[in-house]
Each structure stands twice: as C-alpha cells, then as structure tokens.
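What follows is the residue order along each chain.
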Amino acid sequence: TMALRPKFDPQSHNLDKKFRLTKYTGLHGGGCKVPNDVLVKLLQELGANPYHDEQYMGGMIMPRLGIGLDCCVIPLRFGGLSLLQTTDFFYPLIDDPYMMGKIACANVLSDLYAIGVTECDNMLMLLGVSSKFTEKERDTVIPLMIHGFKDSAEEAGTSINGGQTVLNPWCLIGGVATTVCQQNEFIMPDNAVPGDVLVLTKPLGTQVACNSHQWLEQRNDKWNRIKLVVSEDEVEKAYHDAMFNMARLNRTAAQLMHTFNSHGATDVTGFGILGHAANLAKQQRSEVNFVIHNLPCIAKMAAIAKACGNMFGLLQGTSAETSGGLLICLPREQAAKFCAEIKKVEGNQAWIIGIVEAGNRTARIIEKPRVIEVQTLEDGTV
C-alpha cells in the first residue's frame, strides 16, 4: 500500500541529493489562499451572486449554488440535470513529486465530494513548470507529478481530458473537476438544524507536520525550539501520516453522506477548520451556530503548535489544511453510525467534533477544546 511508500530519494532519480520540490515555491499547499475576508471583498466585482437560490428551469424548480462554498451547482436547460464544477491549484508542500500529484488531484475532487457527489465525469489538469528547474529536474519531476495526479483520478473513477501547462517562477499543480448529475445525486450544503452533530473525516495538522519536517531538514532555530517537545522520528512519522491523509480521497465519506442523511458538508482546506465551519454556517437556511468541542490532530502536532506560540493557530482552528477531511452535519442519531460505517468500509476513523445549536449562522471553538491525538497504523489506516 501507499502507507509503506519509501521516502522520496532524489538520488535514485539521478537528481542532486539536495533537490527539494518545496524549494521551488515561496508559499506551500493550502497556505497559499487569499484570506477569506479579502476574498469576499475582491469577488464583489462578480456581482451579488447568491450563495444558494432556486431557478425555474425546464418546468422544474432547481437548486442553484453560486460563488462562496466548494463547488457551483448550475441547473441546465435539459430536464432535471445540473452542472457541478470546481477548480483548485496550489504550490508544493511536500518533497515527493508523485505524492504531490496525488494530493493535488484528491484536493480538486474533494470539493465535489463535499456536496455528496461521488462520480466525476471529467478532469482537467493545471500545471506550472518552475522556470528555475534544470531540464533534468523538469523531465524527472513533472512526469512524476502527472503520474500521481492520474493515479488519483483513476482511483476516483475518472480521467483527465485537457488542461493547461505554463512556465512559472513557482511550481504549481491543480485542476478542474466537472460532473453533470440529477438532483438526487448531490446534497445541498444548507440544511443543518439545531441538534445535528458535526463529524470530521480526516485529522488536522497537515501544515504543522509539513513545516516541522522542513525545519528538521534545515536544522534551524525553529527546529531547536520544537525538538524539546518532539523527536526526529515523531516529526518524520507525522510528515508521512500527513502526506498519506492528504492523498486520501473523500469519496467514501461522500457516499455515506447519502446513506446517513447528511444535512450538508464542506471540505477543510486553506481557511482551517474554523474558517470552513464559519463558511458552512453562513450558508444555512435555519438560524444555527456550529460549536466545535474536539480537535482530532495528527499525533504531536498540538505540542509543536504550542511550542511555536500562536504561529499556526492549530488549536484556534485557523491553521491552513491541505486536502483535509469533510466536515459533515448529520442528524444526531446517524453520526455514530456514519463513523462506524466509514471505519468498516475504509478502515479510517472519523470523529464527532461538535454540535449544531440555535444561533446566528456563526462558528466557534469552545475555550478549551479536547485534542485527540491521531495515530496512523502500520497499514496506513487512521
């Protein structure tokens, strides 16, 4: 399995032993997003595009989802069909080009999975080839990234038919995912009610894991600070676990959203768990608040975050995640069943992390949230 994938060795690909993919960008992974409040301001140019609405189309009232959450839902002029589309790209945050490709693809697809869609009809791939690569680096690294992206697309039951490749100072990879589907195939992210429970399907802490791994390699001041609370082996394991979690598709979670009557979901990426919970809360038809009590984190990441002062915001819910889990609103009586079923089907744990209560469409984390230390087992399951 991927769990036992050996560490990427540049020399085995005839690259300089000092080659690091993450040196070909100044920002990494989900941390490259424009802050949410800035984004809302900048996107005003696109007009008052309501988050959700209904549209009369072909004699039917059809749901419509515009700018603001994970994926647009556009009613088509053909009876009962909707177009669902999303795009995402970012810069390398790990040094294994193949795994970087897998993570980028999983991250693009995640926005479809967030509205309960399990089938993707087509993907496009977006590639930025770093103008700082030597020819040898380019001809080694880019095919590996493409290979990872393609393998992930195949695992999702889809394929890549187009895209765009450009030269760019920083390396980048991402894509577009598109599906045409009927109304019963997606779950609008706006039906949470008081009494619902919040479930998260992947642990937090990917940014902390990737950054601390870089510090370990560089043996810098930050490493000197965190080595008091974490061993080299623990940092290596966390990095490996993060890589593995980020490459995992949220497809099973999307399937089970239907089985267990989900009231809506979002995926957790660059704005952190609190940022995405707040965005989802804003979408709700009912006047609700989301309250988060538990923070499942990759083992030792909370200790590192604490040792770094407030640099990451992991325990405050603002640490950027890359290709994170789905945050799902479920009826109270279904949440434990959802967690048991995903464990059975996939072998991976999901966690009940909070509740939905009556309120004014905001999200918060309680003052002293419980940190759950998440271990990845030898076989790669969480």
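Residues numbered from 1 in each chain as written. Predicted model: local features only at pLDDT ≥ 70, side-chain atom pairs only at ≥ 80, totals over all residues. Heavy atoms only, no water.

Focus: the packing of helix H4 (residues 206-218) against helix H6 (residues 232-246)
Here is step 1: Here H4 crosses H6 at 135°, and the two axes come no closer than 9 Å. What the angle tells us is that H4 and H6 run oblique. Crossing geometry of H4 relative to H6 is assigned as left-handed. Where H4 approaches H6, its residues Thr 206, Ala 209, Cys 210, Ser 212, His 213 and Leu 216 are matched on the opposing element by Glu 232, Val 235, Glu 236, Ala 238, Tyr 239, Ala 242 and Met 246.
Here is step 2: Its residues placed into classes, the contact of H4 with H6 shows eight nonpolar, three polar and two charged. (Axes fitted to C-alpha atoms, helices over the stretch in contact; angles between N-to-C directions. Helix = DSSP H or I, 4+ residues; strand = E, 2+ residues; numbered from the N terminus. Parallel < 35°, antiparallel > 145°, perpendicular 65-115°, else oblique. Left-handed = near helix turned anticlockwise from the far one by under 90°. Contact = heavy atoms within 4.5 Å. Nonpolar A, V, L, I, M, F, W, Y, C, P; charged D, E, K, R; others polar.)

Some remarks on the sheet that holds strand S9 (residues 264-267)
Here is step 1: Ordered by their spatial adjacency, six strands build an open sheet running S9-S11-S8-S12-S10-S13, and the pairing between neighbours is mixed. Strands with a single pairing partner mark the edges of an open sheet, and in this sheet they are S9 and strand S13 (363-374). Across the sheet, the mean angle from the axis of one strand to that of its neighbour is 20°, orientation sign disregarded.
Here is step 2: Sheet strands in contact with helix H7 (residues 251-259) are S9 and strand S11 (326-330), and its direction is about 10° off that of S11. (Pairing = 2+ DSSP bridges.)

Description of the pattern of salt bridges
Here is step 1: Scanning all chains against the criterion turns up 14 salt bridges.
Here is step 2: For Arg 248, the salt bridge is made with Glu 346, and the minimal N-O distance between the two is 3.9 Å. Of this pair, Arg 248 sits in the loop between H6 and H7 while Glu 346 sits in helix H10 (residues 332-346); the two residues are 98 residues apart in sequence, bridging distant segments of the chain.
Here is step 3: Classification of Arg 248 as buried rests on a relative accessible area of 11%.
Here is step 4: Note on Glu 346: relative accessible area 22%, which makes it partly exposed.
Here is step 5: Between Lys 344 and Glu 341 there is a salt bridge, with the nearest N and O atoms lying 3.8 Å from each other. Taken together, the residues Lys 344 and Glu 341, both in helix H10 and three residues apart, mark about one turn of the helix. (Salt bridge = Lys/Arg side-chain N within 4 Å of Asp/Glu carboxyl O. Buried < 20%, exposed > 50% of the residue type's maximum accessible area, 1.4 Å probe, protein only.)

Quick notes on the side chain of Asp 111
Here is step 1: Take Asp 111: it is sitting in helix H2 (residues 97-113).
Here is step 2: As a buried residue without a salt bridge, Asp 111 has its nearest oppositely charged side chain in Lys 33, at a separation of 6.8 Å.
Here is step 3: Those residues in contact with Asp 111 that lie beyond four places of it in its chain are Asp 70, Cys 71, Thr 86, Thr 87, Asp 88 and Asp 267. (Lys, Arg positive; Asp, Glu negative; His and termini not counted.)

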